Amino acid sequence: DACRFIYDKMKDLSEPRVVHAPIDKLGSVGLWIRRKLLAQILNGAAVLELIQKHRTPTLTRIMNFFTLLGTEDFYVLLVVYMLWILDARLGRLLGLLMAAAFYFAGAVKNTLVLPRPPSPPIIPLKKDTDWGLPSHHALLGVNMPWYLWFYMYQNYQLDPLVAVVLFTTLASWSFCVMFSRLYLGVHSPADVVTGGILGCLLLAFWLQVDNLVDYYITTSNGCYVVLVIVIVLMLAHPDPYPLTITYDDTMAMAGITVGFSFGRAYAPHRVMYAVLDKYSFTSLGIKAFTFFSFLRIVTGLMVYLLLKQVLYYSARLCVSGACQALGITTTCVKRKHLVVKNNPYYSSDFRLPDEVLLYVII
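Note that this is a predicted model, so its numbers are computed, not measured.

Calculation rules
Residues numbered from 1 in each chain as written. Predicted model: local features only at pLDDT ≥ 70, side-chain atom pairs only at ≥ 80, totals over all residues. Heavy atoms only, no water. 1 Å grid on protein atoms, 1.4 Å probe; cavity = no way out; pocket = protein on both sides within 12 Å on 5 of 7 lines; lining within 4 Å. Points joined across faces, edges and corners; volume = space filled by probe spheres on them. Helix = DSSP H or I, 4+ residues; strand = E, 2+ residues; numbered from the N terminus. Nonpolar A, V, L, I, M, F, W, Y, C, P; charged D, E, K, R; others polar. Salt bridge = Lys/Arg side-chain N within 4 Å of Asp/Glu carboxyl O. Buried < 20%, exposed > 50% of the residue type's maximum accessible area, 1.4 Å probe, protein only.

### A look at the layout of surface pockets
- Taken as a whole, the second largest pocket holds about 660 Å³ of empty space.
- Forming the boundary of the second largest pocket are 23 residues, of which A100, W206, I229, L233 and T257 lie nearest the centre.
- At the level of elements, α6 (88-112), α9 (189-216), α10 (220-236) and α11 (246-266) are the ones that each hand at least two residues to the lining of the second largest pocket.
- Of all the elements, α9 adds the most residues to the lining of the second largest pocket, at seven residues.
- Grouping the amino acids of the lining of the second largest pocket by side-chain chemistry returns 20 nonpolar, three polar and no charged.

Written as structure tokens, this is what we have:
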């Protein structure tokens with residue numbers, strides 16, 4: 001409440017905005033960490049200016065494409081394709097890793113509350129409303145491609161030529177996703193490097209526990225433990241003021257984690273197997289494989305769209321009915337309407353809290 005009051009007052013008076021963060025509760029230590037990281041963000045502006053001078057319409061289109069390959073929209077499609085077509089187990093583990101990466105990046109970002117590159121002089125080519133460090137694209141740009149490589153290298157007998165092509169493709173994908181964020185001016189080198197380091201740490205941990213996690217969620221008790229862990233983690237997820245979309249994105253990915261866990265636990269033998277889990281590519285042939293793949297994707301999307309609407313309105317009806325029965329007055333307010341149109345880029349009015357003011361708030 002104190003942070004909200006100070007933010008609103010300074011905004012109303014058109015004075016420099018003091019941006020607080022959950023890490024400020026650590027006092028001078030938290031403030032020192034934010035100052036050091038902010039200095040690195042600002043130092044990276046020179047690199048971004050140099051890149052900005054070499055922008056062209058063609059390069060911009062290419063970089064926009066690679067940025068798309070680092071979004072949750074693309075990753076969800078990739079996970080679904082793996083789950084239904086290529087390797088169900090890989091798709092399941094990739095989906096769980098994606099959710100963990102989103103939580104990790106979002107929690108750190110909302111804990112530090114640090115701006116994106118200074119604008120001006122940097123002209124961002126994308127509109128982002130959440131804070132900068134670490135970069136989601138960089139963290140997932142390490143996790144997703146490189147987990148694919150390690151999984152396939154360990155579980156498939158890859159021909160040497162296929163292995164070289166696969167490695168080159170995944171390495172290029174990872175690098176281009178991270179570089180596109182610099183080219184578009186939406187992240188500083190510090191954001192990308194921090195995201196990459198955190199991505200390496202998470203990937204190293206996941207490679208040690210992925211088999212254990214997949215085995216554990218096959219039990220009915222395991223999926224309920226996952227549900228409890230997800231609820232606890234979301235309650236612990238920092239959500240600073242002003243609100244951004246980071247928490248909302250993390251919540252969506254958390255729902256995917258719970259869905260994978262319950263689906264695996266309660267229908268281990270009835271879930272739709274991936275095409276290549278039952279048939280080999282050579283036995284199917286290109287035409288049959290394409291037909292099966294297309295049919296499954298179309299059918300799956302239709303079922304998804306139908307269930308989404310049914311579950312949404314059913315949940316609203318049940319919740320509102322329960323509240324009425326208990327005499328609780330409810331108002332439907334979408335969280336996105338509470339999100340402040342925040343400027344996440346560094347500008348001359350951006351201020352970290354003064355240590356004296358910080359002490360008073362704490």
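### Comments concerning the pattern of salt bridges
- Overall, the coordinates contain seven salt bridges when judged by the stated rule.
- For D130, the salt bridge goes to K109, with nearest N and O atoms at 3.2 Å. With a gap of 21 residues between them, D130 in the loop between β2 (116-118) and α7 (136-155) and K109 in helix α6 connect regions that are remote in the sequence.
- Across the pair R116 and D130 runs a salt bridge whose closest N-O atoms are separated by 2.6 Å. Of this pair, R116 sits in strand β2 while D130 is found in the loop between β2 and α7, placing the two residues 14 residues apart along the sequence. For the pair R116 and D130, a shared accessibility class is recorded, and that class is buried.
- One salt-bridge network, in which partners are shared between bridges, spans K109, R116, D128, D130 and R181.

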